[in-house]
Amino acid sequence: MSEGIPTAAFQRLREWMVADQLVPRGVKDPRVLRAMEKVPRHLFVDESLQDKAYDDMALPVGESQTISQPYIVAVMTELLELRGGEKVLEIGTGSGYQAAILAELAAEVYTVERIRSLSERAEQTLRYLGYADIHFRVADGTLGWPEAAPFERVLITAGAPEIPEPLAEQLSEGGILVAPVGDRFAQQLIKAKKLQGRLSKEYHTPCVFVPLVGEHGWKDDNR
Ligand code: SAH
């Protein structure tokens, strides 16, 4: 993999990414910064895009889907307040990059993707990198993963018209759910905490994600 560009050069690019894109914009959690410095993001994109993997932008990962901008990955992860022992559900595996970041910071990751080819490629990459505590499923993630519920954390990485009810149900008491919610072209990150069975919401950074398509999301992916 990564012919031409030596591993040490990628490590330097990751250090720059953290120093130039994350710290100045207010990402503070040292565990999140360390995970972003460690996970080889260039292995989650096509070889032809590897030299852009640490740039300040989203990149295509095939099937009209994208790997999110590093800053957005860091912000979402920081909002989850992971301490190390949590069981996390991610909706929208995509390239698998966010799942790797979650696996660095939590105990167990369950990740659901609706497009089989993406799920299979992500699983290959994550196995190659040695991540063992990640479970994969090809399904409509708006229905959650009832057999593995409840989850202390839920992260939706596709733009949702609203928080899907099954995901709110599968979040444990005191748990945190983070999701981009809005219309098809622009969303805002929502952090929701489950307190006495109800979600208490905070609104954060504006963002743009590909649509969450499913029973409790958008009905089709016409964009
Ligand atoms: N977390 C990914 C980026 C996600 S892009 C990464 O780190 O690379 C959004 C992904 O959500 C796409 O791959 C898309 O196919 C997937 N998706 C959209 N609707 C979905 C649904 N209902 N269930 C599962 N995955 C879905």
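See the structure shown above.
Residues numbered from 1 in each chain as written. Predicted model: local features only at pLDDT ≥ 70, side-chain atom pairs only at ≥ 80, totals over all residues. Heavy atoms only, no water.

(A) Inspection of the pairing of strand S6 (residues 151-156) at higher detail. S6 sits mainly inside the fold: 5 of its 6 residues count as buried. By the bridge criterion, 4 bridges tie strand S3 (residues 87-91) to S6 in an arrangement that is parallel. Within S6, the position partnered with isoleucine 91 by the bridge is isoleucine 156. Two elements, S6 and strand S7 (residues 171-182), share 4 bridges in a ladder whose sense is parallel. The partner of leucine 155 across the bridge, within S7, is valine 178. (Buried < 20%, exposed > 50% of the residue type's maximum accessible area, 1.4 Å probe, protein only. Helix = DSSP H or I, 4+ residues; strand = E, 2+ residues; numbered from the N terminus. Pairing = 2+ DSSP bridges.)

(B) How the structure looks around unusual backbone geometry. Geometrically, the link from alanine 149 to proline 150 is a cis peptide bond, its omega value of 5 degrees lying close to zero. Position of proline 150 relative to the elements: it lies in the loop between strand S5 (134-138) and S6.

(C) Molecular detail of the environment of tyrosine 71. Tracing the chain through its elements places tyrosine 71 in helix H3 (residues 70-79). Ignoring any residue separated from it by four or fewer positions in sequence, one finds tyrosine 71 in contact with Gln21, Leu22, Arg25, Val27 and Thr205. (Contact = heavy atoms within 4.5 Å.)

(D) Spatial organisation of the pairing of S3. Burial of S3 is extensive: 5 of the 5 residues sit out of reach of the surface. Along S3, one buried face is formed by Lys87, Leu89 and Ile91 and the opposite face, lined by Val88 and Glu90, is buried too. In the sheet, S3 pairs with strand S4 (residues 108-113) via 5 bridges, with the strands oriented parallel. Its bridge partner lying in S4, valine 88 is registered against valine 109. Read from S3 through helix H4 (residues 97-105) to S4, the crossover connection turns out right-handed. (Right-handed = clockwise from strand over helix to strand, strands pointing away.)

(E) Region of interest: the environment of serine 68. With respect to the helices and strands, the residue serine 68 is situated in the loop between strand S2 (65-67) and H3. Counting along the chain gives 11 residues from serine 68 to methionine 57, while the straight-line C-alpha distance between them is 7.2 Å. Leaving out residues up to four positions away in the same chain, serine 68 has contacts with Arg41, Ala58, Val73 and Phe209.

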